[in-house]
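Topology and contacts: notes
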Amino acid sequence: MNADKRHTGPLAPPAHVAIIMDGNGRWAQKRGLDRSAGHVEGVNTVRRITEAASKAGVSYLTLYAFSTENWNRPQQEVDALMHLIVLAIERETPDLIRNNVRLTMIGDFTRMPTEALERLRQCMADTAHCTGLTLCLALSYSSRWEITEAARRIARQVAAGDLDPEAITADTVSANLATADMPDPDLLIRTGGDMRVSNFLLWQIAYSEIVVTPTFWPDFSEQMFYEAIDQYHNRERRFGLTSEQINNEKNR
Ligand code: IPE
Ligand code: IPE
Ligand code: MG
């Protein structure tokens, strides 16, 4: 904690943490294994970090699991990943219910194989009553896809005469994104060391705090997750204001 920070009381956890889970392939290749072995191990990290986020009091955890661009990977890897989703959802659903975790999804589901989609839908239905953490999987997702869809939806409302173009605000755009019912991420974590956002939540991360760790996703631990939250707590979120304005606001 910075010495010059004047927090009183316990620090509020970030309401929404989004993670670009990267480095599965490199984790496997480093061990002379097939890339898919990294994805298998990555599922264990998903379970670990979902539990850690619940414990930390995070309300929304969005995990970037498969991007629109990832459809262009070798077919064998795509098939292995889709199969893994089916197995993982099947295996993890009882624990999600036990831990009061609700599953949701964002992405272009029209491209998902039927079996994976059915499993995911079943899991969403089975966890719909859960009131703890919301775990949102970004699958077949890209931000440009999402924003394009939002533009199309808004255009339809205008064409139907239900929306005045002059009345369109930033909130209108947010409300037409796949994440409409979630707050914007407070914290964005990327594992695997690359300093880029790879078409993830471009609109929503406008003011997110970003933590990039070189650790590959399969090695990302609960402790590292808490350290990222500590880093978040040490940042001064200014939202375009001056430090003085922020401190005056805090001390009021
Ligand atoms: C992230 O790991 C998982 C997915 C994109 C599905 P990668 O498979 O991208 O692993 P690296 O980045 O090649 O190591
Ligand atoms: C981002 O990882 C997508 C996911 C983690 C699902 P990529 O491995 O696809 O990103 P790039 O290719 O390094 O930008
Ligand atoms: Mg990668």
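Here the structure is shown first, and the text comes after it.
What this report covers is the structure whose coordinates are included nearby. (Residues numbered from 1 in each chain as written. Chains lettered and ligands numbered in written order. Predicted model: local features only at pLDDT ≥ 70, side-chain atom pairs only at ≥ 80, totals over all residues. Heavy atoms only, no water.)

Of regular secondary structure, the chain possesses 8 helices and 6 strands. Sequence-ordered secondary structure for the chain, helices as α and strands as β, is β-α-α-β-α-β-α-β-α-α-β-β-α-α. For 252 residues, the compact-globule formula gives about 18 Å, and the C-alpha radius of gyration of the chain, at 19 Å, lands near that figure. For the chain, the spread of C-alpha atoms along the three principal axes comes to 55 × 55 × 35 Å. A burial count over the chain gives 44% of its 252 residues as buried. Pairs at least 24 apart in sequence give 77% of the contacts found in the chain among residues at least 6 apart. Carbon and sulfur atoms provide 51% of the accessible area of the chain, an area that totals close to 13,200 Å². Side-chain charges in the chain split into 27 positive and 33 negative, and the spacing between the mean points of these groups amounts to 3 Å. (Helix = DSSP H or I, 4+ residues; strand = E, 2+ residues; numbered from the N terminus. Rg over C-alpha atoms; globule rule 2.2 N^0.38 Å. Buried < 20%, exposed > 50% of the residue type's maximum accessible area, 1.4 Å probe, protein only. Contact = heavy atoms within 4.5 Å. Areas by Shrake-Rupley, 256 points an atom, 1.4 Å probe, with all protein chains shown as cover. Lys, Arg positive; Asp, Glu negative; His and termini not counted. Charge placed at Lys NZ, Arg CZ, Asp CG, Glu CD.)

To continue, consider the site of ligand 1. Taken together, 13 residues lie around ligand 1, and Asp 22, Gly 25, Arg 26, Arg 35 and Arg 73 are the ones closest in. Here Gly 23 contributes a backbone N or O atom positioned 3.4 Å from an oxygen atom of ligand 1. A distance of 2.7 Å is found between an oxygen atom of ligand 1 and a backbone nitrogen or oxygen belonging to Arg 26. If you tally residues by element for the shell around ligand 1, the top one is helix H1 (residues 24-30), at 3 residues. (Near = heavy atom within 4 Å. Polar contact = N/O pair within 3.5 Å; in protein donor to acceptor, adjacent residues only side chain to side chain.)

Attention shifts here to the environment of Glu 222. Looking at where Glu 222 falls in the secondary structure, it is placed in helix H7 (residues 222-234). Remark: the alpha-carbon pair of Glu 222 and Thr 50, spanning 172 residues in sequence, is separated by 9.3 Å. Among all residues touching Glu 222, those that are not within four sequence positions of it are Arg 48, Ile 49, Ala 52 and Lys 55.

Glancing now at helix H2 (residues 35-56). A turn of α-helix holds 3.6 residues, and therefore any two residues three or four places apart point the same way. For H2, spanning 22 residues, the distance from its first C-alpha to its last is 31 Å, which sits close to the expected 32 Å at 1.5 Å a residue. What H2 keeps buried is the set Ser 36, Gly 38, His 39, Gly 42, Val 43, Thr 45, Ile 49, Thr 50, Ala 52 and Ala 53. Where H2 is buried, its residues meet strand E1 (16-20), H1, strand E2 (60-67), helix H3 (75-98), strand E4 (134-141) and H7. Positive backbone phi, at 85 degrees, marks Gly 57, one or two positions downstream of H2. (Expected span 1.5 Å × (residues − 1).)

Once that is clear, we can look at the site of ligand 2. Residues in close proximity to ligand 2 include Ile 20, Met 21, Asp 22, Tyr 64, Ala 65, Phe 66, Ser 67, Asn 70, Arg 73, Arg 190, Arg 196 and Ser 198, which together make up its full environment. At 3.0 Å from an oxygen atom of ligand 2 is found a side-chain nitrogen or oxygen belonging to Asn 70. Within the side chain of Ser 198, a nitrogen or oxygen atom sits 2.6 Å from an oxygen atom of ligand 2. Here ligand 2, which alone exposes 390 Å², has 79% of that area covered by the protein. Comparing atom positions with the cavity grids shows ligand 2 to sit within the largest pocket. Top contributing element to the shell around ligand 2 by residue count: E2, with 4 residues. (1 Å grid on protein atoms, 1.4 Å probe; cavity = no way out; pocket = protein on both sides within 12 Å on 5 of 7 lines; lining within 4 Å. Sits in = over half its atoms within 2 Å of the grid points.)

This paragraph deals with the sheet that holds strand E5 (residues 187-190). Ordered in space as E3-E4-E2-E1-E5-E6, the 6 strands form an open sheet in which the pairing is parallel. Taken across any chain shown, the strands that pair with only one partner, and hence form the sheet edges, are strand E3 (102-106) and strand E6 (209-212). With direction set aside, neighbouring strand axes in the sheet form an average angle of 20 degrees. Of the strands in this sheet, E3 and E4 are in contact with helix H4 (residues 114-126), which crosses E3 at around 140 degrees. With respect to the sheet, H7 is in contact with E1, E5 and E6, its orientation differing from that of E5 by roughly 135 degrees. (Pairing = 2+ DSSP bridges. Axes fitted to C-alpha atoms, helices over the stretch in contact; angles between N-to-C directions.)

In terms of burial, E4 is a largely internal element, 8 of the 8 residues being buried. Sheet analysis places E2 next to E4, joined by 7 bridges and oriented parallel. Within the sheet, the bridge partner assigned to Tyr 64 lies in E4 and is Ala 138. In this sheet, E4 lies alongside E3 in parallel orientation, the contact comprising 5 bridges.

With respect to the helices, strands and loops of the structure, Thr 50 is situated in helix H2. Judged by relative accessible area, Thr 50 falls into the buried class, the value being 6%. If we skip the residues at most four places from it in the chain, Thr 50 touches Leu 61, Val 101, Leu 133 and Leu 135.

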